[in-house]
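# Survey of secondary and tertiary structure
Spelled out from the first residue to the last, the chains are:
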Amino acid sequence: MAMALLRSEFNRLKDWAPRDHSQDKPKAEDHVKEMYSLGKIGGKFYFNPVVTFFSFGGVWAIVIWAMAAQGSAARKTWDAQVWVTDIWAWLYMITQNVWIVVLFYLLFKHYNLKLGKDDDKPEFSDGAYFAMLFSCGVATGLWYFSAEAMWHYEGYGTPRWMDEKMFNMNTRAEHAVMVTFFHWGLHGWIPYTVVGALIAILSYRRGFPMSMRFTMYPLIGEMVYGILGDMIEILSILCTIFGVCTSLGLGAMQINKGMVRLDRGTYLGKDYNGCTGAELPGVACEGNTGMEEDRTVQICIIIGITLLATASVVMGLKKGIQVLSFVAFGLSVFILVAILFMDHTWYILNVLTSSFGYYLWYLPKISFHTDAWEELGAASLGQGGAPDGRGGAAGWMNGWTIFYWGWWISWGPFVGTFLARISKGRKLGHFIIATLILPSIWSFVFLGIMGAAQIRMSNQAISAGLDGTTIATRYGSYADKSAIGWTQSLTDDDGNPYTQWVPVPDGVTRLWWLDNDDVLFEHLSSYGGRGWATFLTVISLICIVLYFVTSSDSASFVVDIMAANGVEEPPLAQKIFWAFT
């Protein structure tokens, strides 16, 4: 038996030529039977043992290593990330652009290609479809990085545009928003669209199972049924799990921060709940429950989210993921519209228009930019860095663009598979527009509104004298109103010039000096009294939790499909197993 299995696998490793299986394997189940499996399709369990055991073992091996040797694991993973940037940044940038060209070619050349039979209809409405794909694709990252434009403006990581001889503060602001658009625009959504379109075509037009291994069928042929195909699935599952964990870790920290703020009644830098009355400015109060920001709380948050995600997976696409996506998307629209109209509306609309035009104009350049000279480091290192000491610092690409591309790509297998699963009956052109262009535009609107408002507040804080070094120069509510503000030169009705002192408003905060998790909540708190700030904090937390749940349950759903050889509806027990994994 063992020898026969080895001979069969050896023969498969030599059989790389693709074939037309429309006659001998007209259905996906016919292909599934060619792969290793335990159980029965439609039974209580059905999975590929090689993919399942090696994926599960790989995940826990890395987790145990990271827990047992935290310092060493952190250093080695960081070194690996730096190595990728140093050696492969050029490949990341070029390939993303190649796929852009390919997708736009397909958009115009094969717009009407049906993802399914000619009479197949879409399973979901357009609204539900977009809500699901967007919630699945961005998860909590969109909320955590809602401050990205402000961070770029203030110089997070010392980027090249901090050189005052190259950019004044107005052009720096526009550049900061444009870079944010670049990270969350077309080039970010490319992996999802590429993988999703390929799986959808192979599944709905060629009858292959909904599995990552069959995306390689045109290249390796019959070998996809054997161990090489299993390795593709294992790598896809590992990429999915660790890619999702990155986002979920950030989400857990932000949820923890929001819950602590609600417990303490934090408003404009001051706590109001559980205080003795003797606290100094900036000193935290106990709060109603004494909740802290720590790993124990964050682990409990992740466990709670996992339980919600498991429940959503068990309920299925239409009753679980679809409903949660609708609610999450609707609440995010509410918050965005509230900011747009409570802030300087016309200014924000001008920023969106100007930055979008700048993005289109600058895209051919920034999409190929690798910070080649900056990555050489300072001139004193002797590696050929710029002698004038100007420009950006080494490491910015590693911390931003390459980090983003690796993150988006790691989500490609699971989001792409999920998009394929919900896209049956749609045209290829519709699919590309819905998964590449529309989510990019919505990301521009979301991050553009957030960025414009936060940059305006930062300018107010800087010009008023809030340098952020102390609590009294970080929050307008703590500032010395006689020293922090603006001297305005005005003219009276008779044309006589005069000056007046305008103290900094309580709602102005130097956001740059806050913890990353704090920026979103302090920004929202600037638009009204304590009650309104609490309301917006609660709504934003619900949004973050729901985006957290929809991405987690989508990932669990897709990983289960991968581990079950591409069966679209794996057994319930396996869904629960992968949700907790």
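### Digging into the overall build of the chain
- Along the chain, the regular secondary structure elements total 19 helices and four strands.
- The C-alpha radius of gyration of the chain comes to 26 Å, within 12% of the 25 Å expected for a compact globule of 581 residues.
- Structurally, the chain occupies a C-alpha span of about 95 × 55 × 50 Å along its principal axes.
- Within the chain, residue pairs in contact and separated by at least 24 positions form 77% of the contacts whose partners lie at least 6 positions apart.
- Roughly 25800 Å² of accessible area belongs to the chain as shown, and the carbon and sulfur atoms make up 65% of that amount.
- Between the mean site of the 40 positive side-chain charges and the mean site of the 48 negative ones, the chain shows a separation of 10 Å.

### Description of the packing of helix 11 (residues 227-264) against helix 12 (residues 295-342)
- It is the contact of helix 11 with helix 12, at a shortest axis distance of 9 Å, that shows an interaxial angle of 110°. Our classification of the angle between helix 11 and helix 12 gives roughly perpendicular. The interaxial crossing formed by helix 11 with helix 12 has right-handed handedness. Counting all contacts with helix 11, which are made through Ala252, Met253, Ile255, Asn256 and Met259, the residues of helix 12 involved are Val297, Gln298, Ile301 and Ile302.
- Of the residues contributing to the contact of helix 11 with helix 12, the split by class is seven nonpolar, two polar and no charged.

### Details of helix 13 (residues 345-366)
- Of all the bends found along helix 13, the most pronounced is centred on Leu360 and spans about 40°, while Pro364, a proline, follows it within four residues.
- All buried positions along helix 13 are accounted for by Thr345, Ile348, Val351, Leu352, Ser355, Tyr358, Tyr359, Tyr362, Leu363 and Ile366.
- In this structure, the buried residues of helix 13 make contact with helix 4 (70-109), helix 8 (169-184), helix 9 (186-204), helix 12 and helix 16 (428-464).

### Quick word on the pattern of salt bridges
- Scanning the entire structure with this criterion turns up 15 salt bridges.
- Put simply, Asp126 and Arg426 hold a salt bridge, and the shortest N to O gap is 3.0 Å. Placement of the pair is Asp126 in helix 5 (residues 126-138) and Arg426 in the loop between helix 15 (401-421) and helix 16, with a sequence separation of 300 residues.
- Overall, the relative accessible area of 57% leaves Asp126 in the exposed class.
- In this structure, the salt-bridge partner of Asp515 is Lys257, at a minimum N-O distance of 3.8 Å. Of the two residues, Asp515 is situated in the loop between strand 4 (497-503) and helix 17 (519-525) and Lys257 in helix 11; the sequence distance between them amounts to 258 residues.
- On the accessibility criterion, Asp515 (47% relative accessible area) is partly exposed.
- Take Lys257: its relative accessible area is 6%, and that puts it in the buried class.
- Residues joined by salt bridges that share partners form a network here, namely Lys257, Arg261, Glu293, Asp515, Asp518 and Glu522.

### Some points on a nonpolar patch on the surface
- A cluster of nonpolar side chains, Trp83, Ile87, Trp88, Trp90, Leu91, Ile94, Val98, Trp99, Val102 and Phe368, forms an exposed patch at the surface whose accessible area comes to about 930 Å².
- Considering the arrangement of structural elements, one finds Trp83 in helix 4.

### Points about unusual backbone geometry
- If you check the backbone angles, Asp371 has positive phi at about 55° while not being a glycine.
- Within the secondary structure layout, Asp371 lies in the loop between helix 13 and helix 14 (396-399).
- Taking the relative accessible area as the measure of exposure, Asp371 reaches 2% and is therefore buried.
- With a phi close to 60°, Asn565 is a non-glycine residue in the positive phi region.
- Here Asn565 shows up in the loop between helix 18 (530-563) and helix 19 (572-580).

### Topic: the pairing of strand 3 (residues 485-491)
- As paired elements, strand 3 and strand 4 share seven bridges and run antiparallel to each other. Bridging from a neighbouring strand, Gln488 pairs with Gln500 of strand 4.
- In this structure, the hairpin formed by strand 3 and strand 4 is closed by a connection of five residues, where Gly495 is found at a positive phi of approximately 85°.

### Details of the confidence of the model for the chain
- Model confidence for the chain is summarised by a mean pLDDT of 89, while 94% of its residues fall at 70 or above.
- By mean pLDDT, helix 1 (residues 2-14) is the weakest element of the chain at 57, and helix 13 is the strongest at 97.

### Here's the deal with the side chain of Arg510
- Relative to the helices and strands, Arg510 is located in the loop between strand 4 and helix 17.
- Within the structure, Arg510 has its side chain in polar contact with the backbone oxygen of Leu466 (distance 3.0 Å).
- Once you skip the residues sitting within four places of it in the chain, Arg510 turns out to touch Glu154, Ala461, Ile462, Leu466, Asp467, Gly468 and Arg474.

### Considerations on the state of the cysteines
- Scanning the entire structure with this criterion turns up one disulfide.
- Each disulfide pairs two cysteine sulfurs, and for Cys275 the partner residue is Cys285, the sulfurs being separated by 1.9 Å. Torsion about the S-S bond of the Cys275 and Cys285 cystine: about 105°, corresponding to right-handed handedness. Here Cys285 lies in the loop between helix 11 and helix 12 and Cys275 lies in the loop between helix 11 and helix 12, a separation of 10 residues in the sequence.
- Summary of cysteine pairing: Cys239 is not part of a disulfide, and the nearest cysteine sulfur, belonging to Cys245, is at 12 Å.

### What about helix 12?
- For helix 12, with 48 residues, the first-to-last C-alpha span of 35 Å runs short of the 70 Å given by 1.5 Å per residue.
- Of all the bends in helix 12, the greatest measures close to 150° and is centred on Gly316.
- The opening residue of helix 12 is Asp294, an N-cap whose side-chain oxygen sits 3.2 Å from the backbone nitrogen of Thr296.

### Regarding the packing of aromatic side chains
- On inspection of all chains with the given rule, the structure shows 51 aromatic pairs.
- Taking 5.1 Å as the distance between ring centres and 85° as the angle between the ring planes, the aromatic pair formed by Trp143 and Phe446 counts as edge-to-face. Taken together, the residues Trp143 in helix 6 (residues 141-144) and Phe446 in helix 16 connect sequence positions 303 residues apart. Neither residue differs from the other here; Trp143 and Phe446 are each classed as buried.
- When the centroid spacing of 5.9 Å and the interplanar angle of 65° are considered together, the rings of Phe145 and Trp407 count as edge-to-face. Here Phe145, found in the loop between helix 6 and helix 7 (148-154), pairs with Trp407, found in helix 15; they are 262 residues apart in sequence, far enough to count as distant.

### Structural notes on the environment of Ile94
- Relative to the helices and strands, Ile94 resides in helix 4.
- For the pair Ile94 and Val327, spaced 233 residues apart in sequence, the C-alpha to C-alpha distance is 37 Å.

### Concerning the packing of helix 4 against helix 16
- Where helix 4 meets helix 16, the closest approach of the two axes is 8 Å, and the angle between their N-to-C directions is 140°. One finds that helix 4 runs oblique with respect to helix 16. Between helix 4 and helix 16 lies a crossing whose hand is left-handed. Side by side, helix 4 and helix 16 meet where Leu103, Phe104, Leu106 and Leu107 of the first sit next to Leu428, Gly429, Ile432, Ile433, Leu436 and Ile437 of the second.
- Here the contact of helix 4 with helix 16 is composed, by residue class, of nine nonpolar, one polar and no charged.

What counts and what doesn't
Throughout, a residue's number is its position along its own chain's written sequence, starting from 1. Reporting in this predicted model follows two pLDDT cut-offs: at least 70 for local features of residues, and 80 or more for side-chain atom pairs to be given and counted; totals over whole chains, interfaces and linings ignore these cut-offs and use all residues. To obtain the side-chain values, all non-hydrogen atoms of the structure were included, while hydrogens and water were left out. Only runs of H or I of at least four residues qualify as helices and only runs of E of at least two qualify as strands under DSSP, and these elements are numbered from the N terminus. Here the globule rule is a power law, 2.2 Å times the number of residues to the power 0.38, and the radius of gyration is based on C-alpha atoms. Only heavy atoms matter for contacts: two residues are in contact if any of them lie within 4.5 Å across the pair. Surface accessibility follows the Shrake-Rupley procedure with a 1.4 Å probe radius. Residue values consider only the protein chains on display as shielding. Charged-residue counts in this description rest on Lys and Arg as positive and Asp and Glu as negative, His and the chain ends being excluded. Every charge is mapped onto a representative atom, which is NZ of Lys, CZ of Arg, CG of Asp or CD of Glu. Every axis corresponds to a line fitted to the C-alpha atoms, with the helix fit spanning only the stretch in contact, and the corresponding angles, defined between N-to-C directions, vary from 0 to 180 degrees. Here the angle decides the label: under 35 degrees means roughly parallel, over 145 means roughly antiparallel, 65 to 115 means roughly perpendicular, and every other value means oblique. A crossing counts as left-handed when the near helix is turned anticlockwise from the far one by less than a right angle, and as right-handed when that turn is clockwise. Each residue gets one label: Ala, Val, Leu, Ile, Met, Phe, Trp, Tyr, Cys and Pro are nonpolar, Asp, Glu, Lys and Arg are charged, and the others, such as Gly, are polar. Fitting axes to the seven residues that end at a residue and to the seven that start at it, the angle between those axes gives the bend at that residue. A simple rule labels every residue: compare its accessible area, found with a 1.4 Å probe on the protein chains alone, to the largest value its type can have, and call it buried under 20%, exposed over 50%, or partly exposed in between. Any Lys or Arg side-chain nitrogen located within 4 Å of an Asp or Glu carboxyl oxygen qualifies as a salt bridge. Put simply, a patch holds well-exposed residues, over 30% relative accessible area, that have no salt bridge, with like charges counted together within 9 Å and Val, Leu, Ile, Met, Phe, Trp or Tyr side chains within 5 Å. A pair of strands counts as paired when DSSP detects no fewer than two bridges linking them. The pLDDT value expresses, per residue, how confident the predictor is, ranging between 0 and 100. Whenever two N or O atoms come within 3.5 Å, that pair is a polar contact, provided that in protein one can donate a hydrogen and the other can accept it, and provided that, for residues adjacent in sequence, both atoms are side-chain atoms. For this text, the term disulfide refers to a pair of cysteine sulfurs within 2.5 Å. One less than the number of residues in a helix, times 1.5 Å, gives the span that helix is expected to have. Pairing of aromatic rings covers Phe, Tyr and Trp, the last counted by its six-membered ring, and requires centre-to-centre distances within 6.5 Å; plane angles under 30 degrees mean stacked, over 60 mean edge-to-face, and any other angle means tilted.

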